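# Understanding the architecture of this molecule
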Amino acid sequence: MATSTSPSGLRLIDTCVNLQDTMFQGIYNDKQKHEPDWESIKERAAVNGVEKMIGVSGSLEDSRQSLAVAQQNSNIFSTVGVHPTRCNEFEESGDAEAHLEALAALVGEGGANVVAIGEIGLDYDREHFCARDVQMKFFERQLDLAKRCQLPVIFHNRNTNGDFEEVVKRRRGDFTTGIVHSFTGTREEMLELCALGLYIGINGCGLRTQELLDMVAAIPMEKLVVETDAPWCGIKASHASSTHVSTKFAEVKKEKFVLGCMVKDRNEPAKVLEVVEVIASIKGVDVSIVAQATYQNTLAILFSGVQVCRAHQL
């Protein structure tokens, strides 16, 4: 069984979990390595203070699957949206407008289970998956969806040479607020996004190097949220952040799986506690301060509004 030195009373929200990932079902690279253990993962999250988790979607099918999980779990919520690297699916569907309407219908079906549009944005590191012009077109169209539904946005931004910021500035009045998820940019980029009223989502990828730790230390506490991006983006021993982690979890290799134990190199929502510990350490504050701030920030972003998406055409 996983052990934890988590301080009692912490209330945490993991703002990004890939609920659809087959690793949670024991499948790695299309091979079944161990039995599904999603129920154990949820139990460990609760034991370590995770009160809510957000299933962030990357396609229409992802959105359907995330919503299905959310509808079965009172503390799990879903987003609806298509990741920039997967935006070819709009045109490949044969009817891009109908594809957008299918997303809108999911928002309406999900009601309070759907808390944001996302993850949407731009990714110029992976144009081999989806061309820049296609990404841009459907970034804008999904911002139309956010405007129509009056929902916040979970953003993705990778190496976009200012294009992402230009779109967000121009369209800032069209969405309530948003989280720039899995942020790994510079201090200057972070402050520019905060000035636009956006929040910065930090996971293990944003804590890899000393340069990134310095950037995270500068994030205003009122603009910070935490995530795991599980089963990816965990904190590794080689990361600059690893020495700031105080919680120790029992882990086994997937080939030696034991039900109730974490799997080595597979991130999971309970480990959002590690992210909070690192941020507290580099900011020089108690872990409870970061936990409370990120919890309240997330409530304000994702749980303070009412979505009003209608069935009319975009």
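Treat the numbers as computed from the prediction; the structure is a model and nothing was measured.

Procedures and definitions
Residues numbered from 1 in each chain as written. Predicted model: local features only at pLDDT ≥ 70, side-chain atom pairs only at ≥ 80, totals over all residues. Heavy atoms only, no water. Helix = DSSP H or I, 4+ residues; strand = E, 2+ residues; numbered from the N terminus. Buried < 20%, exposed > 50% of the residue type's maximum accessible area, 1.4 Å probe, protein only. Expected span 1.5 Å × (residues − 1). Axes fitted to C-alpha atoms, helices over the stretch in contact; angles between N-to-C directions. Parallel < 35°, antiparallel > 145°, perpendicular 65-115°, else oblique. Contact = heavy atoms within 4.5 Å. Nonpolar A, V, L, I, M, F, W, Y, C, P; charged D, E, K, R; others polar. Salt bridge = Lys/Arg side-chain N within 4 Å of Asp/Glu carboxyl O. Pairing = 2+ DSSP bridges. Phe/Tyr/Trp six-rings, centres within 6.5 Å; stacked < 30°, edge-to-face > 60°. Lys NZ or Arg CZ within 6 Å of the ring centre and 35° of its normal.

### Structural notes on the environment of Phe303
Mapped onto the elements, Phe303 comes out in the segment after helix 10 (287-302). Overall, Phe303 belongs to the partly exposed group, its relative accessible area being 27%. Each C-alpha atom, one on Phe303 and one on Ala116, is 9.6 Å from the other, the two residues being 187 residues apart in sequence.

### Side note on helix 4 (residues 96-110)
The end-to-end C-alpha separation of helix 4 is 21 Å, in line with the 21 Å expected for 15 residues at 1.5 Å each. Inspection of helix 4 places Ala96, His99, Leu100, Glu101, Leu103, Ala104, Leu106, Val107 and Gly110 among the buried residues, and these make up the whole buried set. Following helix 4 by one or two positions, Gly111 adopts a phi angle in the positive range, close to 55°.

### Examining the packing of helix 6 (residues 163-170) against helix 7 (residues 187-195)
Contact pair helix 6 / helix 7: the axes reach a minimum separation of 11 Å and the direction vectors enclose 10°. As far as their axial angle goes, helix 7 and helix 6 are roughly parallel. On helix 7, the residues touching Phe164, Glu165 and Lys169 of helix 6 are Glu189, Glu192 and Leu193. Looking at the contact of helix 6 with helix 7 residue by residue, the classes come out as two nonpolar, no polar and four charged.

### Re unusual backbone geometry
For the peptide bond that leads from Gly118 to Glu119, omega is 5°, which places it in the cis range. Along the chain, Glu119 falls in strand 6 (residues 114-123). Of the consecutive residues Ala230 and Pro231, the connecting peptide bond is found in the cis state with omega at 10°. You can see Pro231 is positioned in the loop between strand 10 (224-226) and strand 11 (251-252). Of note in this structure, Asp265 is not a glycine but carries a positive phi near 70°. With respect to the secondary-structure elements, Asp265 resides in the loop between strand 12 (262-263) and helix 9 (272-283).

### A short note on the pattern of salt bridges
Per the counting criterion, the structure on display carries 24 salt bridges. Between Arg86 and Asp62 there is a salt bridge, with its nearest N and O atoms 2.9 Å apart. One end of the pair, Arg86, is in the loop between strand 5 (76-80) and helix 3 (88-92); the other, Asp62, is in helix 2 (residues 60-72), with 24 residues separating them in the sequence. For Arg86, a relative accessible area of 37% corresponds to the partly exposed category.

### Here we look at the environment of Glu189
When you line up the elements, Glu189 lands in helix 7. Expressed as a C-alpha distance, the spacing of Glu189 and Val275, which sit 86 residues apart in the sequence, is 21 Å.

### Comments concerning the sheet that holds strand 4 (residues 50-55)
Spatial strand order, 1-4-5-6-7-8-9-10: eight strands in an open sheet with parallel pairing. Two strands lie at the open edges of the sheet, namely strand 1 (12-17) and strand 10, each paired on one side alone. Neighbour-to-neighbour, the strand axes of the sheet open up by a mean angle of 30°, direction not taken into account. The sheet contact formed by strand 8 (residues 178-180) and strand 9 (residues 199-202) spans two bridges and is parallel. Counterpart to Ile179 in the pairing with strand 9 is Tyr199.

### So, the pairing of strand 5
With five of five residues buried, strand 5 lies mostly within the body of the structure. With burial as the criterion, each face of strand 5 is covered, one bearing Ile76, Ser78 and Val80 and the other bearing Phe77 and Thr79. By the bridge criterion, three bridges tie strand 4 to strand 5 in an arrangement that is parallel. What sits directly across from Ile54, in strand 5, is Phe77. As defined by bridge partners, strand 5 adjoins strand 6 across three bridges and the pair is classed as parallel. Counterpart to Val80 in the pairing with strand 6 is Ile117.

### Comments concerning the packing of aromatic side chains
Overall, the coordinates contain seven aromatic pairs when judged by the stated rule. Aromatic pair Phe155 and Phe164: ring centres 5.4 Å apart, planes at 80°, arrangement edge-to-face. On the basis of relative accessibility, which here comes to 0%, the residue Phe164 falls in the buried class. With a centroid separation of 5.3 Å and 70° between ring planes, the pair formed by Phe155 and Phe175 is classed as edge-to-face. Within this pair, whereas Phe155 is found in strand 7 (residues 153-158), its partner Phe175 is found in the loop between helix 6 and strand 8, the two being separated by 20 residues in sequence. Judged by its relative accessible area of 0%, Phe155 is buried. According to the relative accessible area criterion, Phe175 is buried, its value standing at 5%. Each member of the aromatic cluster is reached from another via a ring pair, and the members are Phe139, Phe155, Phe164 and Phe175. For Arg132, the ring lying beneath its charged end belongs to Tyr124, and the centroid distance is 3.8 Å. One cation-aromatic arrangement involves Lys223 over Tyr199; the distance from NZ or CZ to the ring centre is 4.5 Å.

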